[in-house]
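Examining the three-dimensional arrangement
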Amino acid sequence: MPSDLDDVERFTEEFLKRLQFGQGVALPRATKNDLYYALARTVRQQLMARWLETVQRQMQAKAKVVVYLSAEYLLGRQLDNALLASGLTDTAEAAIDGLGLDMQTIRDTEVEPGLGNGGLGRLAACFIDSLATLRIPAIGYGIRYEYGIFRQTFEDGHQVEQPDSWLTLGSPWEFPHPEMGVKVPFAGHTEKYLGEDGRERTRWVNDWEVIGVPYNYMVPGYRTGNVNTLRLWSARATQAFDLHVFNNGDYLQAVRSQAFAENISKVLYPEDSTPQGKELRLQQQYFFVACSLRDFLTNVMGPGFDPRKLPERVIFQLNDTHPVIAIPELMRILVDEKDIPWDEALDICRQCFAYTCHTLLPEALEVWPVELLGRLLPRHLEIIFRINDDFLAELREAYPDDELRVRSMSIIQEHPERAVRMAYLATVVGAKVNGVAELHSQLLRDKVLSDFSAYWPDKFTNVTNGITPRRFIGLANPALTELITDTIGDGWLRDLGRLVELEPHADDPAFLDAFAAIKVGNRKRLAGLLERRDGIVLPQDAMYDVMVKRLHEYKRQTLKLLHIVTLYQRLQENPDLDIVPRVFLFGAKAAPGYWIAKQTIALINAVGRVIDNDPIVAGRLKVAFPANYNVTLAETLIPAADLSEQISLAGKEASGTGNMKLALNGALTIGTLDGANVEILQAVGEENFFLFGLTEPQVHAIYESGYQPREYFQNNPELRKALGAIASGAFSDGNREAFAPIVDSLLHEDRFLALADYQSYIEAQDRVDLAYRDTRAWNRSAVLNVARSGFFSSDRSIQDYLDRIWNASPVDAS
Ligand code: 26W
């Protein structure tokens, strides 16, 4: 892409101008933040012309727009990505260097926008990157949380949450548009009235409302000149909201009411997978969906747009159930406001929405109590009931003698309380339903939504997740990026399949040496960062064994811990034992209310402390658990990994995406047949993957036959010893109570079969230990992991969505 700023002098000039006129300071007095702002603004400036041009071009083309609705976007830092996309990285570095400034210090000033919990939010960020790179007309809509995912700290090894004030120093990337505020009504009641044509109609008389203010963010495609938009909504109180109370003469109450309204976009819910059914969460969901639909219909489609043409012009992709309230909202707009007959409106909706499911855990499927939904969104509840009535009538025709089946498919659940099953609503109305990896989609079809897939077999499809190679190799692993470009030439960052061209080099000693040297360098870089960031000192000459993901029982961090304790005990028993030195790296946040997960964090830290202080171990084992794992840390941590831990119980992890990032950066996976691991194994080959554990059908069979974790405990001496040590207080100064809940839960229930998979896991880890000793063979496998990971680009995922679900095409630059 030609750039106006791609010579260093011009760039420097522009940067100094931004500093002077944007920040109002001269170079000698500039703070880190001033420098960061000036640099960000310089790059932003460069992208802006492209942005306006892209929007213009896409509007004119009247092409179909992909509207991605997501309550979370886990974006990571913006500066480096904007530089990379616009091809200005080297120029900027030279300019900053030339001024005697330090680029890394400027980079480190940026606080990442952590507007997501984990996989689902990061996936949304990868997808908008790919949509922009593939030149698809697309808008991402979401919430501008004032506080993103909490900042994790450890006190005495226990997780403590701090607010994430990512906006304290402002953000140079956002464009607020307070003049474009959208009103969002809440509560009240509905009324029937007769329209001019004599037909009965419904109107919603709301009780209170808030304003949604849009904040625009640029989403630059990688060297395409295409810049898409991410539009996040922030809640503001309305005048009316205050006046209402002001008129009653209660000033303090009025101010409180204002605070109440603005609460809606205040904080990201830190739970992933266990919805709490909280009123504020439903408010957030409706808030952003109502703003987004209104904005799309009026501002994007433009005045005079005929909503009957919606199916040609848009697909609303629902990122899990969080935005599913968009379905009754669009029905309400079409029927109540646009006066379109019910059946026709439903027909439109059936073509405009598609739903992605990201989980299999039954407790993670969102339901909203009828009482709550009716109180907050009375008209939406009526609409949902009518959709359900129509649907059940249709089912009764299809299954006249099977009332049980009909009831089990109802959008409304009756027990334990009357509630709306949002996944069912999305499935009934959505044109397509997809899972996020082959196995997950299969289990969705066969288990979670089996009645629906029997009724609508063609509705169900799979789109395996992907990750953006721009951030997760281009930015994260510059040395490997350079080696790859030197080897296979340019262009592979937007055509990741081309990595297969590396395969022949897996047997080239010079290439393997270069590759190994890069790993060493990346380990060093990580060690440097952790020493500065956390005061953690890492041995260099060790295998880096990495488990980074949210803390959840089904992901089985505890199983990893049992392995660590087992190795430790082997060394205690036989101090001369020859084992490959390992650093166990953990990164994991626990939902603040998920007690056993927080205990597990404390246990990891406790085991780490004991191992650290035991001279027997003498640098051979090290547990490193840096606090506050986030996108920024991931970018340094992942490229340093040798071994990738993907050890969830088969059938529980929908896909996983960290597994893909690690493989792409040349870590070998030790993993179960779960989520996308299955496809990674297929891609990289069994010889380059450490497979272990029960398969999903075996898991099912064990559950059916009545699982007895105690039997595994009793029959396995090493397991008995490891768990016994935890129980006896070996990691809690003799306090047997400290970790008793973890031990008891494993011995008595062990919902996720950690004990059943223990032996198989240990054996796989012993194979890892052996394999690592053959450096050449290990590096060869690592290279093959890189070469065969091209499939896991989010560009490929987006192409699959285009082909299987969206039926939209690129709009090319003029
Ligand atoms: C609080 C309600 C709730 C329920 C589910 C919040 C968030 C969720 C998400 C669906 C959890 C999530 O992030 N799922 C992950 O999605 C990733 C992207 O598809 C997958 O790779 C992970 O396997 C899946 O756990």
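How each quantity is defined
Residues numbered from 1 in each chain as written. Predicted model: local features only at pLDDT ≥ 70, side-chain atom pairs only at ≥ 80, totals over all residues. Heavy atoms only, no water. UniProt positions renumbered as here; feature names shortened; annotations may be inferred. Helix = DSSP H or I, 4+ residues; strand = E, 2+ residues; numbered from the N terminus. Rg over C-alpha atoms; globule rule 2.2 N^0.38 Å. Buried < 20%, exposed > 50% of the residue type's maximum accessible area, 1.4 Å probe, protein only. Pairing = 2+ DSSP bridges. Phe/Tyr/Trp six-rings, centres within 6.5 Å; stacked < 30°, edge-to-face > 60°. Lys NZ or Arg CZ within 6 Å of the ring centre and 35° of its normal. Axes fitted to C-alpha atoms, helices over the stretch in contact; angles between N-to-C directions. Left-handed = near helix turned anticlockwise from the far one by under 90°. Contact = heavy atoms within 4.5 Å. Nonpolar A, V, L, I, M, F, W, Y, C, P; charged D, E, K, R; others polar.

If you check an unreviewed UniProt entry, the protein chain appears there as Alpha-1,4 glucan phosphorylase from Nakamurella multipartita. Its UniProt record gives the protein chain a comment under Sequence similarities (unreviewed entry), which states: "Belongs to the glycogen phosphorylase family."

**Digging into the overall build of the protein chain**
The helix and strand tally for the protein chain stands at 33 helices and 25 strands. Taking 2.2 N^0.38 as the reference for a compact globule, 814 residues should give roughly 28 Å; the C-alpha atoms of the protein chain span a radius of gyration of 27 Å, in line with that estimate. Each principal axis of the C-alpha distribution contributes one length, and for the protein chain these read about 90 × 75 × 60 Å. Considering the protein chain as a whole, with its 814 residues, one finds that 61% of them fall into the buried category.

**Considerations on the sheet that holds strand β16 (residues 412-413)**
Spatially, three strands are ordered β15-β17-β16 in an open sheet, and the strand pairing comes out antiparallel. The two strands at the open ends of the sheet, each matched to only one other strand, are β15 (367-369) and β16. In terms of strand pairing, β15 meets strand β17 (residues 419-421) through three bridges, oriented antiparallel. Bridge pairing links tryptophan 368 to valine 420 in β17.

**Digging into the packing of aromatic side chains**
The tally for this structure, following the rule as stated, stands at 27 aromatic pairs. A network of ring pairs unites the aromatic residues Phe391, Tyr399, Tyr424, Phe452, Tyr455 and Trp456 as a single cluster. Across the ring face of phenylalanine 472, the terminal group of lysine 661 is positioned such that the distance to the ring centre comes to 4.4 Å. When the ring centre of phenylalanine 791 is taken as origin, the NZ or CZ atom of arginine 796, which lies over that ring, is 3.8 Å away.

**What about the packing of helix α29 (residues 717-727) against helix α30 (residues 740-748)?**
Where α29 meets α30, the axes come as close as 9 Å, and the angle between the chain directions of the two elements is 145°. You can see that α29 and α30 cross each other, and the crossing is left-handed. Along its contact with α29, which presents Leu723, Ile726 and Ala727, the element α30 presents Val743, Leu746 and Leu747. Looking at the contact of α29 with α30 residue by residue, the classes come out as six nonpolar, no polar and no charged.

**Describing the sheet that holds strand β24 (residues 668-671)**
Ordered in space as β22-β21-β20-β23-β24-β25, the six strands form an open sheet in which the pairing is parallel. Both edges of this open sheet fall to β22 (621-624) and β25 (689-691), since each of them pairs with a single strand only. Across this sheet, the average inter-strand angle for adjacent strands is 20°, counted without regard to direction. The sheet contact formed by strand β23 (residues 643-646) and β24 spans four bridges and is parallel. By the bridge assignment for β24, serine 644 is matched with threonine 669.

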